[in-house]
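Chains, contacts and geometry: an overview
For reference, the chains in residue letters:
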Amino acid sequence: MKKVFISALIRSNLIVLLFLCGVTAFAKPRITIIATGGTIAGAAGSSVNDSYKPAQLSVEQIVASVPGIDVIAEINTIQLANIASQNITEDVWLTLRKTIDYLFSNNLADGVVVTHGTDTMEETAYFLYLTLSHSCPVVITGSMRPSTSLSADGPMNLYNAVATAASSESKGKGVMVEMNATIFSAADVYKGNTVAVDAFESVYGPIGYVRNGEPKYVRNISSVFAAEKYNYRPPFDIKELKTLPKVEIVASYAFASAEPIRAVIASKAAGIVIAGVGHGNYDRAISAEIDNAVSKGISVVRSSRIPKGGVDKNAEEYSEKVPVCYNHSPQTARILLMLALTQTSKPKDIQNLFEQ
Ligand code: ASP
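For clarity, every value in this text was computed on a predicted model and none was experimentally measured.

1. A word on the overall build of the protein
- When you go through the protein residue by residue, the secondary structure sums to 11 helices and 13 strands.
- Going through the 356 residues of the protein one by one, you find that 47% of them count as buried.
- Of all intrachain contacts in the protein linking residues separated by at least 6 positions in sequence, the fraction that spans at least 24 positions is 69%.
- Total accessible area on the protein stands at roughly 17,600 Å², and carbon and sulfur atoms take up 54% of it.

2. So, the pattern of salt bridges
- Per the stated rule, a full pass over the model turns up 10 salt bridges.
- Note that Arg 30 and Asp 110 form a salt bridge whose closest N and O atoms lie 2.9 Å from each other. With Arg 30 in strand 1 (residues 30-37) and Asp 110 in the loop between helix 4 (90-105) and strand 3 (111-115), this residue pair connects regions lying 80 residues apart in the sequence.
- Measuring nitrogen to oxygen at the nearest pair gives 3.1 Å for the salt bridge that ties Arg 262 to Glu 289. On the criterion of sequence distance, the pair formed by Arg 262 in helix 8 (residues 259-266) and Glu 289 in helix 9 (residues 284-295) is long-range, its members being 27 residues apart.
- We classify Glu 289 as buried; its relative accessible area is 12%.

3. Let's talk about the side chain of Glu 289
- A polar contact is formed between the side chain of Glu 289 and the side chain of Asn 292, at a distance of 2.9 Å.
- Setting aside residues up to four positions removed in sequence, Glu 289 forms contacts with Ala 258, Ile 261, Arg 262 and Ile 265.

4. Considering the packing of aromatic side chains
- Overall, the coordinates contain two aromatic pairs when judged by the stated rule.
- Seen in terms of ring centroids, Trp 93 and Phe 127 are 4.7 Å apart; in terms of plane orientation they differ by 15 degrees. Their pairing is stacked. Residue Trp 93 is located in helix 4, and its partner Phe 127 is located in helix 5 (residues 121-131); the two are separated by 34 residues in the primary sequence. For the residue pair Trp 93 and Phe 127, the accessibility class agrees, reading buried in each case.
- For the pair Tyr 126 and Tyr 129, a centre-to-centre distance of 6.0 Å together with 15 degrees between the ring planes defines the contact as stacked. In this pair, Tyr 126 and Tyr 129 are both assigned in helix 5, three residues apart and thus about one turn of the helix distant. Across the pair, Tyr 129 and Tyr 126 agree in class, each one buried.
- In this arrangement the basic side chain of Lys 173 is found over the ring face of Tyr 217, its NZ or CZ atom lying 4.5 Å from the centre.

5. Focus on the site of the ligand
- Around the ligand sit Gly 38, Thr 39, Tyr 52, Ala 84, Ser 85, Gln 86, Gly 117, Thr 118, Asp 119 and Ser 143, and those are all the residues in its vicinity.
- Take Thr 39: an N or O atom from its side chain is 2.9 Å from an oxygen atom of the ligand.
- A distance of 2.9 Å separates a nitrogen atom of the ligand from a polar side-chain atom of Gln 86.
- In isolation the ligand has 270 Å² of accessible area, and contact with the protein removes 93% of it.
- Looking at the shell around the ligand residue by residue, the class counts come to two nonpolar, seven polar and one charged.

6. Here's the deal with the sheet that holds strand 12 (residues 271-276)
- With parallel pairing, the three strands of this open sheet are ordered in space as 11-12-13. Whereas interior strands pair on both sides, the edge strands pair on one side only; in this sheet they are strand 11 (247-251) and strand 13 (299-304). Neighbour-to-neighbour, the strand axes of this sheet turn through a mean angle of 25 degrees, independent of strand direction.
- Examined bridge by bridge, strand 11 and strand 12 share five bridges and lie parallel to one another. Note that in strand 12 the partner of Val 247 across the bridge is Gly 271.

7. Looking at the environment of Gly 213
- Note on placement: Gly 213 falls in the loop between strand 9 (208-211) and strand 10 (214-217).
- Sequence spacing of Gly 213 and Val 162 is 51 residues, and the spatial spacing of their C-alpha atoms is 8.8 Å.
- Apart from residues no more than four positions distant in its own chain, Gly 213 is found in contact with Tyr 159 and Ala 163.

8. Overview of the confidence of the model for the protein
- Summarising the model, the protein shows a mean pLDDT of 90, and 89% of its residues fall at 70 or more.
- Counted against residues more than four places away or in other chains, residues 14-24, with its pLDDT under 50, gives zero contacts.
- Scored below 50 in pLDDT, residues 227-231 shows four contacts in the model against residues more than four places distant or in partner chains.

Cut-offs applied
Residues numbered from 1 in each chain as written. Predicted model: local features only at pLDDT ≥ 70, side-chain atom pairs only at ≥ 80, totals over all residues. Heavy atoms only, no water. Helix = DSSP H or I, 4+ residues; strand = E, 2+ residues; numbered from the N terminus. Buried < 20%, exposed > 50% of the residue type's maximum accessible area, 1.4 Å probe, protein only. Contact = heavy atoms within 4.5 Å. Areas by Shrake-Rupley, 256 points an atom, 1.4 Å probe, with all protein chains shown as cover. Salt bridge = Lys/Arg side-chain N within 4 Å of Asp/Glu carboxyl O. Polar contact = N/O pair within 3.5 Å; in protein donor to acceptor, adjacent residues only side chain to side chain. Phe/Tyr/Trp six-rings, centres within 6.5 Å; stacked < 30°, edge-to-face > 60°. Lys NZ or Arg CZ within 6 Å of the ring centre and 35° of its normal. Near = heavy atom within 4 Å. Nonpolar A, V, L, I, M, F, W, Y, C, P; charged D, E, K, R; others polar. Pairing = 2+ DSSP bridges. Axes fitted to C-alpha atoms, helices over the stretch in contact; angles between N-to-C directions. pLDDT = per-residue confidence, 0-100.

Laid out in structure tokens, this is it:
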């Protein structure tokens, strides 16, 4: 009797176990879509008119416009903000980072997709890339055309972003940008076209493409997440931070005046990124003010407005007090300097961080 009972128990437990295995094997990846606004949530009065308003649709409305999205993943949504990305704030960045960290740390999601305006998408992506330390994928997407457009690109972009975030192939690749069925690393992506649907580029090329609902990776990337394994810079730990150090960008150009840099110095910024010409060169008027800024304890980094070729440390300008950003745009160099300043203000240490 006891035996019969035990074997029945074992059998029923086995059935439960097999059922659970089946559920696990067929369970869809849990993807949380965090919406922040942008053109993907934009709407216009006409399907062929260029003028539209960004950030009009809710995340539920955006998701509802993507047929089949719930077939590839179990979708959860969060409306974090609904703004055009030219108005993104430090607060949105910090809350976004915290939300993603919470979801992954508590095993509430297998991947995250962020919908975002394209204007500052590369900046948010790079900020998250430098500050998150999870192997689960984060994919940022948006659209170049509003939802009401005759051939809106948002639904396909969102479908492909979810497919990318849901794939086990995407683990450990850090933060990525997916637009127009093309996947870029947040490490080097930038917006290179103001209107085309293939607006995003990288000097080093994409890391993959999305085909038939699956990411196909074509090159390896130096994910910050993989820092320990590959000896790259570890993510910046900013869990406790409520604000980021204030860093501004000052551009150089033909006969640039010193007015903008003087205003930045007076604003008590913690750092200045020079968007220099050529190898990060700048007008003599700016040069004098850089010395002034450094003497006041403001950290200055030299970068270039030119996307390709890199910046040589001593091609023309050289100062040990002004670290050089070799291969980032001024806007991503600014993010790295902001985060560097949470650890150090020594030019040598900042230079090291820019070299890693
Ligand atoms: N200005 C819009 C934004 O960045 C452009 C876009 O989303 O494509 O929010």
